[in-house]
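Here is how the chains run, residue by residue.
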Amino acid sequence: MKFKSLIYTALASALLFTSCDLNHQPVFDDETQAFIGFSGAKATESIPEAKDGAVTTYALSLECASIKGVTAQVAFAAVDTNYEASKRAVEGVDYVFKALETYTLDAQGNRLNVVTTDLTAGADKIVKFDADHRFATIYIETIDNNIQDGDKKFDVVLSNVQGCNLGAKKLFTITIADDENPLNQLLGVYDATTPSAFDGYPDENWEVTIVADDETEGKIWIQPIITIGGLSAADIAPVHATVDLVQETIQMPYGQTVYGGEGQSYNMVIAGLENNPVLSGVAVATYDLSNGVVITFQNGYGVGNLAANEWWYNAYQGPVFTKQ
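Every chain's residues receive numbers from 1 upward, in the order its sequence appears when written. Local features in this predicted model are restricted to residues of pLDDT 70 or higher, and side-chain atom pairs are both shown and tallied only at a pLDDT of 80 or more, whereas totals for entire chains, interfaces and linings draw on every residue. Only hydrogens and water are set aside; all other atoms, that is, all heavy atoms of the structure, feed into the side-chain values.

Moving on, we get to the overall build of the chain. Per the secondary structure count, the chain includes two helices and 23 strands. Of the contacts formed within the chain by residues at least 6 apart in sequence, a portion of 66% connects residues at least 24 apart. Note on areas: Shrake-Rupley, 1.4 Å probe, and residue coverage restricted to the protein chains presented here. Here the chain has roughly 17,700 Å² of accessible surface; of this, 50% comes from carbon and sulfur atoms. Numbered from the N terminus, helices here are DSSP runs of H or I no shorter than four residues, and strands are runs of E no shorter than two. Whether two residues are in contact is decided by their heavy atoms, any of which lying within 4.5 Å being enough.

Okay, here's the thing in structure tokens:
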């Protein structure tokens, strides 16, 4: 196979500004508009169950949004009634609220005026904010129950706000991934290595992340499944695969787009390695959980531009993923 190099050009983007009166800018009013809510864009997170005595700690952040800093407070609590009884995470059995920190941040993001409360000592689950404590972090620790009983869920819910408004981000969902479930053992970050499919090219090494699909049991997402010259890992779209826990295999369908898409100049897809690209069927990998986690692909695969029928931009023999 002949290696085809790819040169990328940056896409120019135009910023459109609308005229405005600089003397009449909108003003945030602390008295009527300050609010408390969870930080960030995410509203859900999956965290591993504790394993072999090593706990997993999740830091859940919230903030009081204001200009000058208002004196306010909010209560938080775990609620599991949105889920079937068998899938509910129970406080004290599956996890504990470990500690609460309130603080402010300097221009470099360093925490100042940190106040820590031990929630295991029976302290009220109330977060108090003021001008010197605009942010808070709730630390949640998982507990290992040593049985395979499936993933468990609960919501952390904010309520009873005083001194300001309750923001839209008032509920955060946490899934505790059952570590005894083989599927969850496959999730995480891997070191990937593979011989190149091109004669004279060195082996390739990169970092791969595997996460579970939010809706379909047994479905995972792998990112990046391959490297492409000129693109960062974040530029390469994840591909989905199906885990067979009986056969202990992972099947990744060919033909998935990893960059661009239909109707675009580049529609970079994953294909099997034959005289012609294989765009149907699956690449099969086996996994071994006996000594860490190792995933070994039984098939080589590569990437090409389906839009221009250009092959190959990169191609591997059988990659091996070793969990960090």
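Residues belong to one nonpolar core when they are buried, are Ala, Val, Leu, Ile, Met, Phe, Trp, Tyr or Cys, and are joined through side-chain atoms within 4.5 Å. The buried label applies to any residue whose accessible area, calculated with a 1.4 Å probe on protein chains only, is under 20% of its type's maximum; exposed applies above 50%, and partly exposed to all values in between. Counting 35 residues, the largest nonpolar core has Ile 225, Ile 270, Ile 295, Tyr 301 and Phe 321 as its most contacted members. Beyond its immediate chain neighbours, meaning those up to four positions away, Ile 225 contacts Trp 206, Val 239, Met 252, Val 258, Ile 270, Phe 297, Tyr 301, Tyr 316 and Phe 321. Val 70, Tyr 95, Ile 140 and Cys 164 belong to the second-largest nonpolar core, a separate cluster that totals 29 residues.

Residue position: Asp 213 is located in the loop between β13 (204-212) and β14 (219-223). For the purpose of charge, His is not counted, nor are the chain termini; Lys and Arg are scored as positive and Asp and Glu as negative. The salt bridge criterion pairs a side-chain nitrogen of Lys or Arg with a carboxyl oxygen of Asp or Glu, the two atoms within 4 Å. No salt bridge forms around the buried Asp 213; measuring N to O, its nearest opposite-charge neighbour Lys 219 is 4.3 Å away. In this structure the side chain of Asp 213 is engaged in a polar contact, spanning 2.9 Å, whose partner is the backbone nitrogen of Glu 215. Think of a polar contact as two N or O atoms within 3.5 Å of one another; within protein, one of them needs to be a possible hydrogen donor and the other a possible acceptor, and neighboring residues in sequence only count if both atoms come from side chains. At a separation of 2.8 Å, a polar atom in the side chain of Asp 213 contacts the side chain of Trp 221. Contacts of Asp 213, omitting those with residues within four sequence positions, involve Lys 219, Ile 220 and Trp 221.

With that settled, the discussion passes to unusual backbone geometry. Cis geometry is found at the peptide bond from Gln 223 to Pro 224, where omega equals -10 degrees. With respect to the helices, strands and loops of the structure, Pro 224 is situated in the loop between β14 and β15 (239-244). Put simply, Trp 311 and Trp 312 share a cis peptide bond, and its omega is 0 degrees. The topology assignment puts Trp 312 in strand β22 (residues 310-316). One non-glycine residue with positive phi stands out, namely Glu 248, at about 55 degrees.

Moving on to the pattern of salt bridges. Applying the stated rule across the entire model yields three salt bridges. With a shortest N-O distance of 2.7 Å, Glu 45 and Lys 42 are connected by a salt bridge. A residue is classified by how much of its surface remains accessible, and Glu 45, at 22% relative accessible area, is partly exposed. Using a relative accessible area of 47% as the deciding quantity, one classes Lys 42 as partly exposed.

All right, on to the side chain of Lys 152 then. Position of Lys 152 relative to the elements: it lies in strand β9 (residues 152-162). Given the relative accessible area of 11%, Lys 152 is considered buried. What Lys 152 contacts, discounting residues up to four positions off in sequence, is Ser 86, Lys 87, Arg 88, Ala 89, Asp 94, Ile 174, Thr 175 and Ile 176.

Now for a nonpolar patch on the surface. A contiguous nonpolar surface patch, about 260 Å² in accessible area, is contributed by Phe 28, Phe 35 and Ile 67. Counting through the fold element by element, Phe 28 comes out in the segment before α1 (30-33). Here, patches come from residues exposed beyond 30% relative accessible area and free of salt bridges, joined within 9 Å for like charges and within 5 Å for nonpolar side chains (Val, Leu, Ile, Met, Phe, Trp, Tyr).

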